[in-house]
Each structure stands twice: as structure tokens, then as C-alpha cells.
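One letter stands for each residue in the lines below.
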Amino acid sequence: GRLCEPVNLHCATDGFSATAVGTGDLFLRSKWHFADTEYADLAVAGVLTVPTGNADNFLGFHDPTFTPWLIASKTFDRVSPHLNLGYAFRSGADVSQAQWIAGADVRTFRWLTLAGDFLGYHDDKRDGVNDDVIQSAVGFKLNPFGQFVLAGTFQFPLNRDGLRADVIYTGQIEYTF
């Protein structure tokens with residue numbers, strides 16, 4: 001027989017389609033480069049996420065988040081591979097998680113760098129919702145003058161663990177002084 005009888009009943013599917021537009025959370029970052037070695041330059045960073053987006057529309061988190069990171073990277077001519085390991089401390093409304101990023105930047109011109117990354121998020125709650133999320137990311141950094149950088153990134157899911165957008169895009173404005 002058919003799964004949905006009689007005809008006037010609605011069938012459940014394994015997905016849905018919805019959109020949300022708006023500003024996400026505000027990220028405040030600080031980084032300290034503490035060591036240079038032959039194979040890796042090392043740094044630590046801290047990211048404070050301030051909930052300015054609408055968490056109910058998946059545009060941010062409910063409460064502030066603090067994420068400390070250990071960063072290893074090294075530039076070899078035009079290629080800069082990197083590995084970042086972090087842990088996001090969140091309240092009960094949002095799930096704390098271990099995070100990692102592995103990838104590389106490629107300087108194509110003096111003013112343009114292209115980037116590719118793999119990102120992983122591993123929830124502490126282990127409740128079957130977004131427990132092991134793996135994403136890919138591609139992006140660019142434009143450096144029109146001095147220490148001013150404009151960047152954009154597009155993330156795509158590599159697995160189907162949990163509820164996620166098909167594409168996540170972000171923009172960044174950075175000035176180092």
C-alpha cells in the first residue's frame with residue numbers, strides 16, 4: 001500500500017524549505033602570536049560571540065559564547081596551511097562543542113588570497129542533533145591597501161548530521177593596527 005492514505009492526510013518528509021534573512025551574531029576576536037618554529041607558527045586566540053542575531057531563526061546563538069583557540073600555521077611561498085583547535089563554552093540554551101578547522105590560504109595576487117577549509121563541530125550533549133557536523137568552506141580576502149582586509153566565505157555541509165542551511169555566507173571587515 002501507499003504510505004499516506006487517505007489522500008487528504010499530509011505526509012512527513014525528511015526536509016523542509018524556509019528562509020531567514022538578517023544580521024547574525026557579533027564576533028569579537030583577539031589573537032596572540034607567541035612562537036615561530038621551522039614547521040609551524042603558533043598562536044592562541046579568544047573569540048567572544050555576542051548574541052545580536054535571531055537565534056530562533058538560526059541567525060545566531062541565544063547566549064554569549066567564549067571560544068579559546070590554539071592555532072598552528074606556516075607560510076611556504078604562496079601557500080599557508082593551518083590547523084585550529086578550539087572549544088566553544090556555551091550556556092544550557094546552546095550546546096558547548098569542540099571545534100576544529102584545517103585548510104590553507106593561497107595568495108594568488110598581492111591583493112587577493114583564496115582560501116579553502118574543512119570545519120568540524122562536535123557537541124557535548126550527544127543528543128543526536130548536530131552531534132558531528134562537518135562543513136567545507138571556500139572564501140577570499142581582498143587587501144586593497146595597508147592593513148585593511150575585506151573577506152567573504154561560503155560554507156557547505158559535507159554530511160547531513162542535524163539541521164543546517166545548504167549554504168552559509170559571511171562577510172568580514174578587518175583592520176590591523
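Predicted model only: the values in this text are computed from it and were never measured.

1. Considerations on the nonpolar core
- Residues Ala43, Ala45, Val47, Trp69, Ile71, Ile101, Leu119 and Ala137 constitute the largest nonpolar core, which totals eight residues.
- At the level of secondary structure, the elements contributing two or more residues to this core comprise β2 (41-50) and β3 (65-73).
- Tallying contributions element by element places β2 first for this core, with three residues.
- With residues near it in sequence (within four places) discarded, alanine 45 still touches Ser30, Lys31, Thr67, Pro68, Trp69 and Ile71.

2. Thoughts on the pairing of strand β8 (residues 148-157)
- As paired strands, strand β7 (residues 132-145) and β8 are joined by nine bridges and run antiparallel to one another. Residue pairing across strands places lysine 141 opposite alanine 151, the latter belonging to β8.
- Between β7 and β8, which pair antiparallel in sequence order, lie two residues; one of them, glycine 146, sits at a positive phi of approximately 45°.
- Two strands pair when backbone bridges link them, and β8 and strand β9 (residues 168-175) are joined in this way by eight bridges, in the antiparallel orientation. When the sheet's bridge partners are listed, phenylalanine 154 is paired in β9 with tyrosine 169.

3. A word on the pairing of β2
- For strand β1 (residues 26-36) and β2, the ladder comprises ten bridges, and the chain directions are antiparallel. Along β2, the bridge assignment pairs phenylalanine 27 with threonine 49.
- From the end of β1 to the start of β2, which pair antiparallel, there are four residues.
- Bridge count for β2 against β3 is nine bridges, and the pairing is antiparallel. By the bridge assignment for β3, glycine 46 is matched with proline 68.

4. Here we look at the packing of aromatic side chains
- Taken as a whole, this structure holds five aromatic pairs when the rule is applied.
- Ring geometry for tryptophan 32 and phenylalanine 34: centres 5.5 Å apart, planes at 35°, overall tilted.
- Among the residues examined, tryptophan 32 registers a relative accessible area of 56% and is labelled exposed.
- On the basis of relative accessible area, phenylalanine 34 is assigned to the partly exposed category, the value being 36%.
- Here the aromatic rings of tyrosine 175 and phenylalanine 177 are separated by 6.1 Å at their centres, their planes lie at 25°, and the arrangement is stacked.

Rules of the game
- Residues numbered from 1 in each chain as written.
- Predicted model: local features only at pLDDT ≥ 70, side-chain atom pairs only at ≥ 80, totals over all residues.
- Heavy atoms only, no water.
- Core = buried A, V, L, I, M, F, W, Y, C linked by side-chain atoms within 4.5 Å.
- Buried < 20%, exposed > 50% of the residue type's maximum accessible area, 1.4 Å probe, protein only.
- Helix = DSSP H or I, 4+ residues; strand = E, 2+ residues; numbered from the N terminus.
- Contact = heavy atoms within 4.5 Å.
- Pairing = 2+ DSSP bridges.
- Phe/Tyr/Trp six-rings, centres within 6.5 Å; stacked < 30°, edge-to-face > 60°.

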